[in-house]
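Observations on the model geometry
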Amino acid sequence: MHIQEETKEQRAQVHALNRAAFGRADEADLVERLRADGLVRLSLVAVEDDDVVGHILFTELPTRLDGRAVKTVALAPMAVDPRLQRGGVGSALVREGLARLAREGCEAVVVLGHPAFYPRFGFSAQLAAKLASPFAGEAFMALELVDGALRGEAGSVRYPPAFGIDDEA
Ligand SMILES: CC(C)(COP(=O)(O)OP(=O)(O)OC[C@H]1O[C@@H](n2cnc3c(N)ncnc32)[C@H](O)[C@@H]1OP(=O)(O)O)[C@@H](O)C(=O)NCCC(=O)NCCS
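Here the structure is a predicted model, which means the values were calculated and not measured. Counting restarts for each chain: residues are numbered from 1 in the order of the written sequence. For this predicted model, a pLDDT threshold of at least 70 governs which residues receive local features, and a threshold of 80 or more governs which side-chain atom pairs are given and counted, while totals over whole chains, interfaces and linings are taken from all residues. Where side-chain values are given, they derive from all heavy atoms of the structure, hydrogens and water being excluded.

**Some points on the nonpolar core**
We apply this condition: For this analysis, a nonpolar core means a set of buried residues of the types Ala, Val, Leu, Ile, Met, Phe, Trp, Tyr and Cys, connected via side-chain atoms within 4.5 Å. Three exposure classes are used, based on accessible area relative to the maximum for each residue type with a 1.4 Å probe and protein chains only: buried under 20%, partly exposed in between, and exposed over 50%. Elements are defined by DSSP. Helices are runs of H or I of four residues or more, strands are runs of E of two residues or more, and each kind is numbered from the N terminus. Here, two residues are considered to be in contact whenever any of their heavy atoms come within 4.5 Å of each other.
V110 and Y159 are the most contacted members of the largest nonpolar core, which has 28 residues in total. Mapped onto this core, the elements with two or more residues apiece are α1 (11-22), α2 (26-36), β2 (40-48), β3 (51-60), β6 (72-80), β7 (108-112) and β9 (140-144). Once residues within four sequence positions are removed from consideration, V110 is found in contact with L61, T72, V73, A74, L75, L131, F140, M141, A142, V157 and Y159. Listed in part, the 24 residues of the second largest apolar core include V53, V94, L101 and F123.

Below, the structure is given as structure tokens:
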């Protein structure tokens, strides 16, 4: 298994993978919309024998905290081939994605996801709680790639229309 940036030729496989992993088309279609809207910051695939077995997407997420802009991306969605789940592919994708984003100067990452999965990479619901968003609770988590990037009192994230979220936050 190796991890690489998604190529155009792999897009159909990425769509099928998201569909299979989530058991519905919503997330696969979200990937298409985010691409069409030019919001993709990083799209990585895990490849085994030429097959796409994992995918993770990071997109631009306008974020402000105490009046300043914080260079933030949303992690969404991510998917691993149901036959290979719980084998480390997902973790490898998260780690590689975060490392690349940090190198590129990204300051923070926000995710809405499984509270049992993301904290192991440093994501924290407590850190996200100060960011007004359509979400609340333990599934809404944030991670600093730059120390202190999310230090402050109150802020907000604005999910782009592609997410289909009624964002009045
Ligand atoms: C969540 C997902 C991306 C993790 O990838 P993975 O390769 O299975 O993950 P890893 O093997 O690296 O890590 C395993 C951890 O993932 C989490 N996990 C895996 N499958 C899970 C599931 N169906 N529900 C909740 N958590 C799950 C668990 O916390 C697990 O930890 P544990 O084995 O200590 O219990 C993958 O299971 C998946 O595609 N699930 C379906 C789609 C989905 O839910 N995507 C994420 C949306 S936030």
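**With respect to the sheet that holds β7**
Here is the rule: Paired strands, in this sense, are two strands between which DSSP finds at least two bridges. For helices, the axis comes from a line fit to the C-alpha atoms of the stretch in contact; other axes are also lines fit to C-alpha atoms, and the angle between any two N-to-C directions lies between 0 and 180 degrees.
What the 6 strands build is an open sheet, ordered β1-β2-β3-β6-β7-β9; its pairing is mixed. Lying at the two open borders of the sheet, with one neighbouring strand each, are β1 (2-5) and β9. Across this sheet, the average inter-strand angle for adjacent strands is 25 degrees, counted without regard to direction. Strand direction decides the pairing type here: β7 and β9, joined by 5 bridges, are antiparallel.

**Details of the site of the ligand**
Basically, it comes down to this: Note on terminology: near, applied to a residue and a molecule or strand, indicates that one of the residue's heavy atoms is within 4 Å of it. Pairs of N or O atoms are called polar contacts if they sit within 3.5 Å, as long as, within protein, a hydrogen donor faces a hydrogen acceptor (for residues adjacent in sequence, only side-chain-to-side-chain pairs). Here the accessible surface of atoms and residues is derived via Shrake-Rupley with a 1.4 Å probe, and residues count as covered only by protein chains that are part of the display. For cavity detection a 1 Å grid was placed over the protein atoms alone, and a set of points counts as a cavity when a 1.4 Å probe fits there but cannot get out; an open set counts as a pocket when protein lies on both sides within 12 Å along at least five of seven lines, with lining residues being those that have an atom within 4 Å of a point. Those molecules having more than half of their atoms within 2 Å of a cavity or pocket grid point set are described as sitting in that cavity or pocket. Residues are sorted three ways: Asp, Glu, Lys and Arg are charged, Ala, Val, Leu, Ile, Met, Phe, Trp, Tyr, Cys and Pro are nonpolar, and all the rest, Gly among them, are polar.
Taken together, 19 residues surround the ligand, and among them V80, R86, G88, G90 and S91 come closest. A distance of 2.5 Å separates an oxygen atom of the ligand from a polar atom in the side chain of S91. For the ligand, an oxygen atom lies 3.0 Å from a polar atom in the side chain of R120. When the ligand is considered free in solution it has 850 Å² of accessible area, and contact with the protein chains removes 74% of it. When each cavity is represented as a set of grid points, the ligand is found to reside in the largest pocket. When residues of the shell around the ligand are traced back to their parent elements, those giving at least two are α1, β6 and α3 (89-103). The residue inventory of the shell around the ligand, partitioned by class, reads 10 nonpolar, 7 polar and 2 charged.

**Examining the side chain of S43**
With respect to the secondary-structure elements, S43 resides in strand β2. On the basis of relative accessibility, which here comes to 7%, the residue S43 falls in the buried class. In this structure the side chain of S43 is engaged in a polar contact, spanning 3.0 Å, whose partner is the side chain of H55. If sequence neighbours within four positions are ignored, S43 has contacts with Q4, E5, E6, H55, I56 and L57.

**A closer look at the layout of surface pockets**
The condition that has to hold: Grid points are joined across faces, edges and corners, and a volume is the space filled by probe spheres set on the points.
Approximately 1,000 Å³ is the volume attributed to the largest pocket. In terms of lining, the largest pocket is formed by 34 residues, of which the most central are F22, M78, H114, F117 and Y118. Elements supplying a minimum of two residues to the lining of the largest pocket: α1, α2, β6, α3 and β7. The element contributing the most residues to the lining of the largest pocket is β6, with 7 residues.

**Some remarks on α1**
Selection rule: Each helix should span, by expectation, one fewer than its residue count multiplied by 1.5 Å. This arc describes the spread of directions from the helix axis toward the C-beta atoms.
Its 12 residues place the ends of α1 17 Å apart at the C-alpha level, agreeing with the 16 Å of an ideal helix rising 1.5 Å per residue. Of all the residues in α1, the buried ones are V14, L17 and N18. For α1, the arc enclosing every buried residue in end-on projection is 95 degrees, short of the 170-degree limit, so these residues lie on one face. Of the surrounding elements, those touching the buried residues of α1 are α2, β2, β3 and β6. Where α1 ends, the next residue or the one after it, G23, has phi of about 70 degrees, a positive value.

**Thoughts on the pattern of salt bridges**
Any two side chains of opposite charge can pair, so long as their charged atoms come close to each other. Basically, it comes down to this: Salt bridge, as used here, is a side-chain nitrogen of Lys or Arg placed within 4 Å of a carboxyl oxygen of Asp or Glu.
In total, this model carries 8 salt bridges according to the counting rule given. Of the charged contacts, one joins E104 and R41 as a salt bridge, the two residues approaching to 3.5 Å between their closest N and O atoms. With E104 in the loop between α3 and β7 and R41 in strand β2, the pair connects residues that are 63 residues apart, well separated along the chain. The exposure class assigned to E104 is partly exposed, which follows from its relative accessible area of 42%. Linked by salt bridges that have partners in common, E5, E96 and R100 make up one network.

Honestly, that's just the spatial picture; any functional story needs more than this.
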